Amino acid sequence: PPPKMMRNITQAMVQWDMIQEGDRLLLGLSGGKDSLSLLHCLLEFQRKLPTKFEIEVCTIDPMTPSFDPSPLIPYVESFGLKYHYIRDDIVERANS
């Protein structure tokens, strides 16, 4: 991640005491630049911080033709993270 982004996130983490030893984080991952950037920042913190914490990732696949997050599956798994990939026909449920 870019140094300025890491500085800003580090400052917020320290100021708000966001991650404690043994925490288990679940990151909602859409595949957009914001969630992917946060994933890479958290992975960097996990590598560098003495504080040990776990990261898991979750994506909700709405099963629509306009949004296919399935390419995220091998990408997330390449980091060795537990991945919760949930297929849910949200549009169908909204219409019923």
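Scroll up to find the structure.
Residues numbered from 1 in each chain as written. Predicted model: local features only at pLDDT ≥ 70, side-chain atom pairs only at ≥ 80, totals over all residues. Heavy atoms only, no water.

Q: When you look at the overall build of the protein chain in this model, what are you seeing that I'm missing?
A: Looking only at helices and strands, the protein chain features four helices and three strands. Secondary structure elements of the protein chain occur, N-terminal to C-terminal, as α-β-α-β-α-β-α. With the principal axes as the frame, the protein chain shows a C-alpha extent of 45 × 25 × 25 Å. Within the protein chain, the fraction of its 96 residues that count as buried is 26%. For the protein chain, long-range pairs separated by at least 24 residues make up 72% of all intrachain contacts whose partners lie at least 6 apart in sequence. Here the protein chain has roughly 6600 Å² of accessible surface; of this, 57% comes from carbon and sulfur atoms. Positive and negative side-chain charges of the protein chain, numbering 10 and 13 respectively, have mean locations separated by a distance of 8 Å. (Helix = DSSP H or I, 4+ residues; strand = E, 2+ residues; numbered from the N terminus. Buried < 20%, exposed > 50% of the residue type's maximum accessible area, 1.4 Å probe, protein only. Contact = heavy atoms within 4.5 Å. Areas by Shrake-Rupley, 256 points an atom, 1.4 Å probe, with all protein chains shown as cover. Lys, Arg positive; Asp, Glu negative; His and termini not counted. Charge placed at Lys NZ, Arg CZ, Asp CG, Glu CD.)

Q: Hey, could you run me through the sheet that holds strand E1 (residues 24-28) in this one?
A: What links the strands of a sheet is backbone hydrogen bonding, and the strands pair in either a parallel or an antiparallel sense. The strand order across the open sheet formed by three strands is E1-E2-E3, and the pairing between neighbours is parallel. This sheet does not close on itself; its edge strands, each paired only once, are E1 and strand E3 (82-87). Pairs of neighbouring strands in the sheet enclose a mean axial angle of 20 degrees, with direction left out of account. Relative to strand E2 (residues 54-61), E1 runs parallel, the two sharing five bridges. Residue pairing for E2: leucine 27 is matched across the bridge by valine 57. (Pairing = 2+ DSSP bridges. Axes fitted to C-alpha atoms, helices over the stretch in contact; angles between N-to-C directions.)

Q: I tried to follow the pattern of salt bridges on my own but got confused; where do I start?
A: Between side chains of opposite charge, a pair can form when the charged atoms approach closely. Taken as a whole, this structure holds six salt bridges when the rule is applied. Arginine 24 serves as the salt-bridge partner of glutamate 56, at 3.7 Å between the closest nitrogen and oxygen. Residue glutamate 56 is located in strand E2, and its partner arginine 24 is located in strand E1; the two are separated by 32 residues in the primary sequence. Residue glutamate 56 is classed as buried on the basis of its relative accessible area, which comes to 15%. Note on arginine 24: relative accessible area 62%, which makes it exposed. Arginine 93 is the salt-bridge partner of aspartate 88, the closest N and O atoms lying 2.9 Å from each other. Residue arginine 93 is classed as exposed on the basis of its relative accessible area of 55%. Residues participating in the shared-partner salt-bridge network are Arg24, Glu54 and Glu56. (Salt bridge = Lys/Arg side-chain N within 4 Å of Asp/Glu carboxyl O.)

Q: Looking at this model, I keep getting lost on the nonpolar core. Mind explaining?
A: Among soluble globular proteins, nonpolar side chains are generally buried collectively. Counting residues in each nonpolar core, the largest one holds 17 residues, and the members touching the most others are Leu29, Leu39, Phe45, Ile55, Val57, Val76 and Leu81. The element that contributes the greatest number of residues to this core is helix H2 (residues 33-48), accounting for five residues. Discounting chain neighbours no more than four positions away, the residues touching valine 57 are Leu26, Leu27, Leu29, Leu39, Val76, Leu81, Lys82, Tyr83 and His84. (Core = buried A, V, L, I, M, F, W, Y, C linked by side-chain atoms within 4.5 Å.)

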